[in-house]
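A closer look at the structure
This is what each chain is made of:
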Amino acid sequence: MFKIVNETNLEEEHICCALSEKKGEKTTSLKKNWMTHQFDKGLVFKKLDVRGKVFIEYIPSENAFAPIVSDNDMYINCLWVSGKFKNQGYADQLLTSCIDDAQLKNKDGVIALSSTKKRHFLSDPDHLKHYGFHVVDTYPPDFELLYYPLKKAAKPYFRIKNCIEDHISYYSHQCPHTEKYALLIQEVASKYNIELQLKRINSRDEALEVPCPFTTYALFLDRNFVTTEVLTEKKFVKILEKHMLI
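The following paragraphs examine the structure supplied in this document. Remember, it's a predicted structure, so these values are computed and weren't measured experimentally. (Residues numbered from 1 in each chain as written. Predicted model: local features only at pLDDT ≥ 70, side-chain atom pairs only at ≥ 80, totals over all residues. Heavy atoms only, no water.)

Things to note about the nonpolar core
Counting 35 residues, the largest nonpolar core has M35, I68, Y75, L113, F143, C212 and F220 as its most contacted members. Elements represented by at least two residues in this core include exactly α1 (27–38), β3 (54–60), β5 (73–81), β6 (109–115), β8 (143–149), β10 (167–171) and β12 (217–221). Element by element, the count of residues in this core is highest for β8, at 3 residues. (Core = buried A, V, L, I, M, F, W, Y, C linked by side-chain atoms within 4.5 Å. Buried < 20%, exposed > 50% of the residue type's maximum accessible area, 1.4 Å probe, protein only. Helix = DSSP H or I, 4+ residues; strand = E, 2+ residues; numbered from the N terminus.)

Quick word on the pattern of salt bridges
Oppositely charged side chains are able to pair whenever their charged atoms sit close together. With the rule as written, the count across this model stands at 15 salt bridges. When the shortest N-O distance is used, the salt bridge between K107 and E62 registers 3.8 Å. Taken together, the residues span a long stretch of sequence, with K107 in the loop between α2 (90–104) and β6 and E62 in the loop between β3 and β4 (68–69) at a distance of 45 residues. Note on E62: relative accessible area 33%, which makes it partly exposed. One salt bridge connects K235 with E229, and the closest N-O pair in it is separated by 2.6 Å. A relative accessible area of 41% places K235 in the partly exposed class. Within this structure, K3, E13, K47 and D49 form a network of salt bridges that share partners. (Salt bridge = Lys/Arg side-chain N within 4 Å of Asp/Glu carboxyl O.)

Details of the environment of A102
Looking at where A102 falls in the secondary structure, it is placed in helix α2. Residue classification places A102 among the buried residues on the basis of a relative accessible area of 0%. Placed 103 residues apart in sequence, A102 and D205 show a C-alpha to C-alpha distance of 23 Å. Not counting residues within four places of it along the chain, the set of residues in contact with A102 comprises M74, K107, V110 and L150. (Contact = heavy atoms within 4.5 Å.)

Quick look at the sheet that holds strand β13 (residues 224–227)
Spatially, the 4 strands line up as an open sheet ordered β11-β10-β12-β13, and their pairing is mixed. Strands with a single pairing partner mark the edges of an open sheet, and in this sheet they are β11 (197–200) and β13. Strand-to-strand twist across the sheet, computed as the mean angle between neighbouring axes with direction ignored, equals 25°. With 4 bridges connecting them, β10 and β11 associate as parallel partners. Bridge pairing in β11 places Y171 opposite R200. In the packing of helix α4 (residues 178–191) onto the sheet, contacts are made with β10, β11 and β12, and the angle to β10 comes to roughly 170°. (Pairing = 2+ DSSP bridges. Axes fitted to C-alpha atoms, helices over the stretch in contact; angles between N-to-C directions.)

Description of α4
Given a rise of 1.5 Å per residue, 14 residues ought to cover 20 Å, and the 20 Å separating the end C-alpha atoms of α4 matches this to within 8%. Regarding α4, the residues found buried are T178, E179, Y181, A182, I185, V188 and A189. Buried residues along α4 sit against α1, β10, β11, β12 and α6 (233–242). Backbone geometry just downstream of α4 places N193 in the positive-phi region, at approximately 60°. (Expected span 1.5 Å × (residues − 1).)

Examining unusual backbone geometry
In this chain, P140 is followed by P141 through a cis amide linkage whose omega measures 0°. Assignment of secondary structure puts P141 in the loop between β7 (134–139) and β8. Residue D222 is not a glycine yet carries a positive backbone phi of 50°. Considering the arrangement of structural elements, one finds D222 in the loop between β12 and β13. In this model, R223 sits at a positive phi of 70°, which is unusual for a non-glycine residue.

Written out as structure tokens, the structure is:
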């Protein structure tokens, strides 16, 4: 029913989060290249053996692209069950398999990032809490670090620095679509003579410098966090107007 995507079958497998790739785009190759460099760091990508978005992706916390302090946990990058596959128990089965794997590898617990506000790319906190995760740290405006302990040990926590750039978008190829939209909004910003910097996160060390719990995609304007949502031109212009930058 479920299968592991790894070095041996990566090229032939559909990467669930890249199914919406449009003709001519190379988002799948970006994601697969990123995965190739993370497998030797313990990355696990487990999916339902169908063409659909039903998967979990996790990695040892010491290698996670996240500004957290944690030495011996498992960090869930993404848990996604969508469309017709919802409400069939797949999310719990994927969570259980992750926790079982963490126990097998003698981890202290399992970490997941979520938010009290519905945010793009983040898992439903109510489902995680119902499963047994609980909040061990928070960060403004609404981020929650959720934890499923497996043994008595120090709890993970956020270690986040202040943003020092006026306008910047952080992103990584952990999501196959973020670069496309980061480049799009940078082009839009330039039309209004706004210098928007882009910072692609390529390593754990770089992720530790991101001033936001979520490093896959985060937009800052006037040094303030704005969103984790990848933005179309129309949405970005509205945000610039809201922040009185145009």
